[in-house]
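Structural characterization, general
Next come the chains, spelled out residue by residue.
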Amino acid sequence: MSDAFYFCRRGIESIVDDEVTKCFTAEELESWNLLTRSNYNFNHISSRLTVLWGLGVVIRYGFLLPLRLTLAITGVGLLVVLTAMIGFLPNGRMKNFLSEKVHLMCYRICVRALTAIITYHHSENKPKNGGICVANHTSPIDVIILASDGCYAMVGQIHGGLMGLIQRSMVKACPHIWFERSEVKDRHLVAKRLSDHVKDKSKLPILIFPEGTCINNTSVMMFKKGSFEIGSTVYPVAIKYDPRFGEAFWNSSQFGMMNYLLRMMSSWAIVCSVWYLPPMIRQEGEDAMQFANRVKAAIARQGGLVDLLW
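A brief structural summary. All figures in this text were calculated on a predicted structure; none of them were measured in a lab. Throughout this description, residue numbers start from 1 for each chain and increase along the sequence as written. With pLDDT at 70 or above as the cut-off, local features in this predicted model cover only qualifying residues; side-chain atom pairs require 80 or more to be listed or tallied, and sums for whole chains, interfaces and linings still use all residues. The basis for every side-chain value is the complete set of heavy atoms in the structure, and neither hydrogens nor water enter the calculation.

**Description of the packing of aromatic side chains**
Centres within 6.5 Å are what make two rings of Phe, Tyr or Trp a pair, Trp counting through its six-membered ring; a difference in plane orientation under 30 degrees is then read as stacked, over 60 as edge-to-face, and the rest as tilted. Here the structure, examined in full by the defined rule, presents five aromatic pairs. Judged by centre distance (5.4 Å) and plane angle (75°), the rings of tyrosine 6 and phenylalanine 7 are edge-to-face. Burial classes: relative accessible area under 20% of the type maximum marks a residue as buried, over 50% as exposed, and values in between as partly exposed (1.4 Å probe, protein chains only). Given a relative accessible area of 38%, tyrosine 6 falls into the partly exposed group. With a relative accessible area of 61%, phenylalanine 7 lands in the exposed category. Measuring from centroid to centroid gives 5.5 Å for phenylalanine 228 and phenylalanine 291, while their planes differ by 80°, and the two rings are edge-to-face. Separated by 63 residues along the polypeptide, phenylalanine 228 in the loop between strand 6 (219-220) and strand 7 (234-242) and phenylalanine 291 in helix 9 (residues 288-303) bring together distant segments of the chain. Judged by its relative accessible area of 1%, phenylalanine 291 is buried. Cluster of aromatic residues (ring-pair linked, three or more members): Phe223, Phe228 and Phe291. The positively charged end of arginine 60 is found above the aromatic ring belonging to tryptophan 268, 5.5 Å away from the centroid. What counts as a helix is a DSSP run of H or I of at least four residues, what counts as a strand is a run of E of at least two, and both are numbered from the N terminus. In our convention, an over-ring charge means Lys NZ or Arg CZ found within 6 Å of a ring centre and within 35 degrees of that ring's normal.

Listed below in structure tokens is the structure:
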């Protein structure tokens, strides 16, 4: 029985300590950041910590959250109204100029709504028109983190409600690529639309997150090869968040979008670093999957993340 129990114990340990499962849970902190979402039991250790935690709740929810909500509503409202107005202008340099300025302004207001403190490195490697920007994916706010430093053509599925209203307004001012639900599964159609976009050097670089899901910012998982089959120049970007001030990872199976955004706006701050890596092209004899893995390894190495083969 002892021999059998040994193997049972090792098997259970492997399941509990599975490296893939850990990528979809929030990163553990070495010290408490006065947020009960990171550890509920810390505020009961001593009366002094309880008082500090209480003061933090008053500051975050009574002062910071109302200001951040005001900024968020202002940024989204301006984005919808101004992009819709720009959509009535004829295509040309003036329309593109105004569209870029409006997008940058609105995204920067939204970044302020999160009290995001962002450090950009190697700006000389920023993505250029006609290219594809690929980055590791931790949170939906990755989009505004990158778009507040440069304009991109977004790729995504068409939604309804408020998100759909924003998408329809944005595409009037800038050639974003939105797909119907039925089109997303058609790989050839998606690849053709992406290829047609990058061939036009006057269009903005495409922003893509090849992992296809949010990872907890400790690792980089396998990149889907679709965006690496097009044959365009790829501009890798590494994003690394500091969880000590607020956890940016979105666990979509546990929190809805509105709940997640409320948690972001009630954190102390969102602190992150962004590295623009040198552009990469597909080498002779290299298939799309090998190219994707090479880009993924470069992003993981620069961001201090674990490069997973899964």
